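# Chain and residue survey
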Amino acid sequence: MVFGFVLTLALAVAGVHYYLWRRLVRGTTRPGRARRVLTWSLVGLGVLVPVTQVASRSEFGHWLAWPGFLWLALMFYLVIFLVLLEIPRAVGALLLRRRAPVVQALTVPPAVPEGPPAVPQVSAVEPDLVSRRLFLGRATAAVAGVGALATVGYGISTALGAPVVEPVRIALPRLDPRLSGLRFAVVSDIHLGPLTGLRHTERIVRMINELDADVVAIVGDLVDGTVAELGPLAEPLKELQSRYGSYFVTGNHEFYTANGPGEWMAELERLDVRPLRNERVEIIHRGAVLDLAGVDDVTGEPDFERALGGRDRSRSSVLLAHQPVQVAKAAGYGVDLQLSGHTHGGQMVPFNLIVPMQQPVVSGLATVDGVQVYVTRGAGFWGPPVRVGAPPEITLAELTHVGGS
């Protein structure tokens, strides 16, 4: 299975780079040194893609992360722009062929001894057509290049910028009126890793603290590495402030780390962030009780019965679950609200159109199987440090009872 995945990935990368070579190298240069240099450069970038995917997960390969992931984003948008330009390019090529001037060239046959003088012959050639094709190819490549660079540049500034605070009011039919106004600061997909720094965590913590929330919920994908590698980057989490504490549930990336999620659970407890691994706690607010539960990501062993079984269903409940798709099981336990992440809101358009193939909600608030689900876009990024159409987010979710203000 792993071999099949690697082979498919290699073929896909090779196919994409061959297409880029056709449009950006072969279509813009004449045979010669420039074409050879550009060809081998593109081959090197093609090799960089899978190498980055593997090496960036290890400490020695972190230096590859920036160039590798930036090329991955640029490659993606070059393909998008070039595909969009295929029809205009084809129309332009057709017009050039029809309008290319035919140049009359004179050729003189070799003289024959003692014969009549050679008569020049006229032949039709199209010397300008090749030049015009090169111009069309270069113009197409330039438009695609400028579009891709501008898009990636914008995406980098968005991804590395401050998250947007998204306030949302969520009315729960069974919510005790005394719990109305209870506020959750929700953050997901921080993705501490080789491309983030200490200031990334410090800014998120500062912004959460400024919200003065009752509960802080970190719904998975906090890290992309081990405690030894990323422990210092997580240290600011100890400064998180809220009335009833900070809670965490695992995402799929916690299970991808070399040492597994266990060491991070211990580290988070040291930082005063309580992991909820298939368990629940009671949030007591103004004399009323809310059940706050958390389950492991689907990559691990989520146990909904352990987290939600046997509780008093007359009380409202909030479930922390990394992936929106986990709502399918949550619905059977009378959950009122599920808070999730994982999707990044698509992170880079048009991936937001692909996410619904796997997840019931891309971002924002929706109702699935009778359960309200809020999916935050996440405060970090995975892979390329680029966000297009899905800015990073910290959510301030305020619970209200139906009919409340």
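An account of the accompanying structure is given in this report. All of these numbers come straight from a predicted model, not from anything done at the bench. (Residues numbered from 1 in each chain as written. Predicted model: local features only at pLDDT ≥ 70, side-chain atom pairs only at ≥ 80, totals over all residues. Heavy atoms only, no water.)

### A short note on the sheet that holds strand β3 (residues 164-172)
Strand order in the open sheet formed by 6 strands is β3-β14-β4-β5-β6-β7, with mixed pairing between adjacent strands. Each of the sheet's edge strands pairs with one partner strand only, and the pair in question is β3 and β7 (273-275). Neighbour to neighbour, the strand axes of the sheet diverge by 25° on average, direction disregarded. As judged from the 4 bridges shared by strand β4 (residues 183-187) and strand β5 (residues 215-219), these two strands associate in the parallel manner. The residue bridging V186 from the neighbouring strand is A217, located in β5. Taken strand by strand, helix α9 (residues 262-270) contacts β6 (246-249) and β7, and its axis lies near 145° from that of β7. (Pairing = 2+ DSSP bridges. Helix = DSSP H or I, 4+ residues; strand = E, 2+ residues; numbered from the N terminus. Axes fitted to C-alpha atoms, helices over the stretch in contact; angles between N-to-C directions. Contact = heavy atoms within 4.5 Å.)

### Overview of the pairing of strand β11 (residues 337-340)
Judged by which residues are buried, β11 turns out to be covered on both faces: L337 and L339 on one side and Q338 and S340 on the other are all buried. Across 4 bridges, β11 lies against strand β13 (residues 371-375) in parallel orientation. Paired with S340 across the strands is V375, a residue of β13. (Buried < 20%, exposed > 50% of the residue type's maximum accessible area, 1.4 Å probe, protein only.)

### Details of the sheet that holds strand β10 (residues 317-320)
Strand pairing within a sheet occurs via backbone hydrogen bonds; the two strands may be parallel or antiparallel. Across the sheet, 6 strands lie side by side as β8-β9-β10-β11-β13-β12; this open sheet has mixed pairing. Of all the strands in the sheet, the pair left with one neighbour each is β8 (279-285) and β12 (364-368). Sheet twist, expressed as the mean angle between neighbouring strand axes with direction ignored, is 25°.

### Concerning the packing of aromatic side chains
Evaluation of the coordinates by the stated rule reveals 4 aromatic pairs. When the ring of F76 is compared with that of F351, the centres are 4.9 Å apart and the planes differ by 15°; the resulting orientation is stacked. Residue F76 is found in helix α3 (residues 65-84), and its partner F351 is found in the loop between β11 and β12; the two are separated by 275 residues along the sequence. Owing to a relative accessible area of 18%, F76 belongs among the buried residues under this scheme. Taking 6.4 Å as the distance between ring centres and 20° as the angle between the ring planes, the aromatic pair formed by F304 and Y333 counts as stacked. Separated by 29 residues along the polypeptide, F304 in helix α10 (residues 304-308) and Y333 in the loop between α11 (327-330) and β11 bring together distant segments of the chain. The same class applies to F304 as to Y333, namely buried. (Phe/Tyr/Trp six-rings, centres within 6.5 Å; stacked < 30°, edge-to-face > 60°.)

### Some words on the pattern of salt bridges
For the structure shown, the criterion picks out 16 salt bridges. For R23, the salt bridge goes to E86, with nearest N and O atoms at 2.8 Å. Note that R23 is positioned in helix α1 (residues 2-26) and E86 in helix α4 (residues 86-99), a separation of 63 residues in sequence. You can call R23 buried: its relative accessible area is 19%. Taking the shortest distance from any N to any O, the salt bridge between R315 and D291 comes out at 2.8 Å. Of the two residues, R315 is situated in the loop between α10 and β10 and D291 in strand β9 (residues 288-294); the sequence distance between them amounts to 24 residues. Put simply, E282, D291, R311 and R315 are held in one network by salt bridges that share partners. (Salt bridge = Lys/Arg side-chain N within 4 Å of Asp/Glu carboxyl O.)

### Re the nonpolar core
In this structure, V187, L192, I208, L222, L237 and L240 are the most contacted members of the largest nonpolar core, which totals 29 residues. Elements with a minimum of two residues in this core: β4, α6 (198-210), β5, α7 (227-234), α9 and β14 (393-401). Setting aside residues up to four positions removed in sequence, L240 forms contacts with V205, I208, N209, V216, I218, S246 and V273. One finds L20, V25, F69 and A159 within the second-largest nonpolar core, a separate group that totals 27 residues. (Core = buried A, V, L, I, M, F, W, Y, C linked by side-chain atoms within 4.5 Å.)

### Structural notes on α9
Looking at α9, one finds that the buried residues are W264, M265, E267 and L268. Angular distribution of buried residues about the axis of α9 spans 165°; they occupy a single face of the element. Buried residues along α9 sit against α7, β6 and β7. Once α9 finishes, D272 follows within two positions and takes phi at roughly 65°, a positive value. (Arc of directions from axis to C-beta.)

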